[in-house]
Amino acid sequence: MIRIAIPNKGRLNEPTVKLLKEAGLPVSDGGERKLFGTTTDPEISFLFARAADIPEYVQDGAADIGITGIDLVSETDADVDLMLDLNYGKSNLMLAVPEDSSIESVEELEGMKIGTEFPNITKKFFDSKNINIEVIKVSGACEMTPYIGVADAIVDISSSGTTFVLNNLKPVEKVFSSSVYMIANHQSAKRKDKIHHIKTAFESVLNAEGKRYLMMNVPKDSLDEVKEVLPGLSGPTVMKVESESSTLAVHAVVDSDMIFTTVNNLKEVGARDILVVPIERLMP
Ligand SMILES: Nc1ncnc2c1ncn2[C@@H]1O[C@H](COP(=O)(O)OP(=O)(O)OP(=O)(O)O)[C@@H](O)[C@H]1O
Ligand SMILES: O=P(O)(O)OC[C@H]1O[C@H](OP(=O)(O)OP(=O)(O)O)[C@H](O)[C@@H]1O
Ligand SMILES: [Mg+2]
């Protein structure tokens, strides 16, 4: 039995549920109040937990696998195996000060107070630079701490940067770059079975991102030209069309941003019946 801990709410819940569906492990029995979920594979179950608690649950073996932000893993200093960067939930922990502050570099913060939801990451960051600061731990709305006399600067999550702009904060330096990771319990990670199949399934979803499958019919004489205009990942795959001896079926995987140009070029060199289809998973 493999248990996967996934965020039960917050901004990581939806993209995680989507990833699992695309990986062929749709989450059922979810919902706000349920603790456990099931999927198509009877040997896999889900534990719904707060994103911030997942690193410890995986470390302690309450779950074999966890899906959560690497910032939360680092903050809890959880002793887990980092299996795979899942490439979503991206954010930066930024050191920022009020716009009207004269502070422009980290060094100028010596002896000052830093408000943050990430006391450990913050402490380590300043320690590594031999700068003494006092960490003021808050559990939300960190951006207001410089304005109520609680802190001189903050270390807070920023993704679009809107919160900083709205609160007249200027970034001083990036402290940590985060994205969502697949993590595993040390003992579980040693098993080369299902856990590795799950990792492969996630990888196949990541591989398929931004890719489309192109299918078309091509007169035999045009094959060379068609091959030339196909920006190549692998292939293309060329097959005979049973009913028409002068026509070939050509299939290829193409980057989505190249589709518009490629389809136009293909038509110009004689390709017909062009189909563009999404790819859910791609396993090399
Ligand atoms: N814009 C963002 N703001 C906050 N967290 C973000 C953002 N983008 C990605 N994340 C990541 O999401 C995780 C935090 O998720 P969590 O569910 O704890 O917070 P939340 O969605 O803000 O919910 P809450 O309402 O409890 O604050 C962290 O790993 C963080 O890096
Ligand atoms: O750069 P942005 O796109 O504006 O996103 C960053 C903001 O979003 C998060 O706040 P959240 O809404 O989760 O509230 P919280 O601080 O109470 O957790 C985070 O703590 C920042 O304040
Ligand atoms: Mg939040």
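Per an unreviewed UniProt entry, the chain is named ATP phosphoribosyltransferase, and its organism is Methanohalobium evestigatum. Quoted verbatim from the Function (unreviewed entry) field of UniProt, the annotation for the chain is "Catalyzes the condensation of ATP and 5-phosphoribose 1-diphosphate to form N'-(5'-phosphoribosyl)-ATP (PR-ATP). Has a crucial role in the pathway because the rate of histidine biosynthesis seems to be controlled primarily by regulation of HisG enzymatic activity." Quoted verbatim from the Cofactor (unreviewed entry) field of UniProt, the annotation for the chain is "Mg(2+)".

Visitor: Explain the overall build of the chain to me, please; I cannot follow it from the model alone.
Guide: Scanning the chain from N- to C-terminus turns up nine helices and 15 strands. For the chain, whose C-alpha radius of gyration is 25 Å, the value lies well above the compact-globule estimate of 19 Å for 284 residues. With the C-alpha coordinates aligned to their principal axes, the bounding extent of the chain is approximately 80 × 50 × 30 Å. Expressed as a percentage of the 284 residues in the chain, the buried residues total 33%.

Visitor: What is the right way to read the site of ligand 2 from this model?
Guide: Taken together, Gly140, Ala141, Cys142, Glu143, Asp156, Ile157, Ser158, Ser159, Ser160, Gly161, Thr162 and Thr163 form the complete shell of residues around ligand 2. Elements represented by at least two residues in the shell around ligand 2 include exactly strand E9 (153–158) and helix H5 (162–166). If one sorts the elements of the shell around ligand 2 by residue count, E9 sits on top with three residues. Looking at the shell around ligand 2 residue by residue, the class counts come to three nonpolar, seven polar and two charged.

Visitor: Please clarify how the sheet that holds strand E15 (residues 272–278) should be interpreted in this entry.
Guide: Backbone-to-backbone hydrogen bonds join strands into a sheet, with any given pair of strands oriented parallel or antiparallel. Here we have four strands laid out as an open sheet, ordered E13-E14-E12-E15, and antiparallel in their pairing. Where the open sheet ends on each side, the last strands, each with one partner, are strand E13 (237–241) and E15. The average angle at which neighbouring strand axes cross in this sheet is 20°, direction not considered. Relative to E15, strand E12 (residues 211–219) is paired through five bridges, and the arrangement is antiparallel. Bridge pairing in E15 places Arg212 opposite Pro278. Along the sheet face, helix H9 (residues 259–268) touches E12, strand E14 (244–255) and E15 and points at about 165° away from the line of E15.

Visitor: Even after reading the chapter, I still don't get the UniProt feature "domain: ATP phosphoribosyltransferase catalytic" (unreviewed entry) in the chain, so can you show me in this structure?
Guide: Taking the UniProt record as the reference, the feature "domain: ATP phosphoribosyltransferase catalytic" (unreviewed entry) is found at residues 50–203. Along residues 50–203 the backbone is 28% helical and 31% strand, and the end-to-end C-alpha distance reaches 24 Å.

Visitor: Honestly, the sheet that holds strand E11 (residues 180–184) in this entry has me stumped. Any pointers?
Guide: Taking strand neighbours across the sheet as the criterion, the six strands line up as E2-E3-E1-E4-E11-E5 in an open arrangement whose pairing is mixed. Pairing within the sheet leaves two strands with one partner each, and these edge strands are strand E2 (36–38) and strand E5 (81–85). Here the strands of the sheet are splayed against their neighbours by 30° on average, with no regard to which way each runs. Summarising the sheet, strand E4 (residues 65–69) and E11 pair through five bridges and their orientation is antiparallel. In the sheet register, Ile67 faces E11, and the bridge partner there is Met182. Lying over the sheet, helix H7 (residues 194–208) contacts strand E1 (2–7), E4, E5 and E11, oriented at roughly 25° with respect to E5.

Visitor: Looking at this structure, I do not really get the nonpolar core. What am I missing?
Guide: Most often, soluble globular proteins have nonpolar side chains that are buried together. The biggest cluster of nonpolar side chains holds 33 residues, and the ones touching the most others in it are Ile4, Ala5, Val58, Ile65, Met182 and Ile183. Not counting residues within four places of it along the chain, the set of residues in contact with Ala5 comprises Leu47, Ala49, Ile54, Tyr57, Val58, Ala63 and Gly66. Of all hydrophobic cores here, the second largest spans 21 residues; its members include Met94, Leu109, Ala153 and Leu169.

Visitor: Looking at this structure, how should I read the site of ligand 1?
Guide: Near ligand 1 there are 14 residues, and of these Gly10, Arg11, Gly69, Ser91 and Ser159 occur at the shortest range. Looking at the shell around ligand 1 residue by residue, the class counts come to six nonpolar, six polar and two charged. Of the residues that make up the shell around ligand 1, three or more belong to each of domain 1 (2–89 + 179–207) and domain 2 (91–178).

Visitor: Looking at this structure, how should I read the domain arrangement of the chain?
Guide: Often, the extent of an interface is quoted as the loss of accessible area upon association of its parts. Partitioning the chain into domains gives domain 1 (2–89 + 179–207), domain 2 (91–178) and domain 3 (210–278). Look at where the C-alpha atoms of domain 2 and domain 3 centre, and you get two points 52 Å apart.

Visitor: Sorry if this is basic, but what is going on with the confidence of the model for the chain here?
Guide: The predicted coordinates of low-pLDDT regions are not to be read in fine detail. Scored by pLDDT, the chain has a mean of 94; 98% of the residues are at 70 or more. For this predicted complex, the interface score ipTM comes out at 0.95, while the overall pTM is 0.90.

Visitor: Can you walk me through the environment of Lys113 in this structure?
Guide: With respect to the secondary-structure elements, Lys113 resides in strand E7 (residues 113–116). With residues near it in sequence (within four places) discarded, Lys113 still touches Glu134, Ile136, Ala151 and Asp152.

Analysis parameters
Residues numbered from 1 in each chain as written. Chains lettered and ligands numbered in written order. Predicted model: local features only at pLDDT ≥ 70, side-chain atom pairs only at ≥ 80, totals over all residues. UniProt positions renumbered as here; feature names shortened; annotations may be inferred. Helix = DSSP H or I, 4+ residues; strand = E, 2+ residues; numbered from the N terminus. Rg over C-alpha atoms; globule rule 2.2 N^0.38 Å. Buried ≥ 20, exposed ≤ 12 C-beta atoms within 10 Å, placed from the backbone. Near = placed C-beta within 6 Å. Nonpolar A, V, L, I, M, F, W, Y, C, P; charged D, E, K, R; others polar. Pairing = 2+ DSSP bridges. Axes fitted to C-alpha atoms, helices over the stretch in contact; angles between N-to-C directions. Contact = placed C-beta atoms within 7 Å. Core = buried A, V, L, I, M, F, W, Y, C linked by C-beta atoms within 7 Å. Domains from an automatic or database assignment. pLDDT = per-residue confidence, 0-100.

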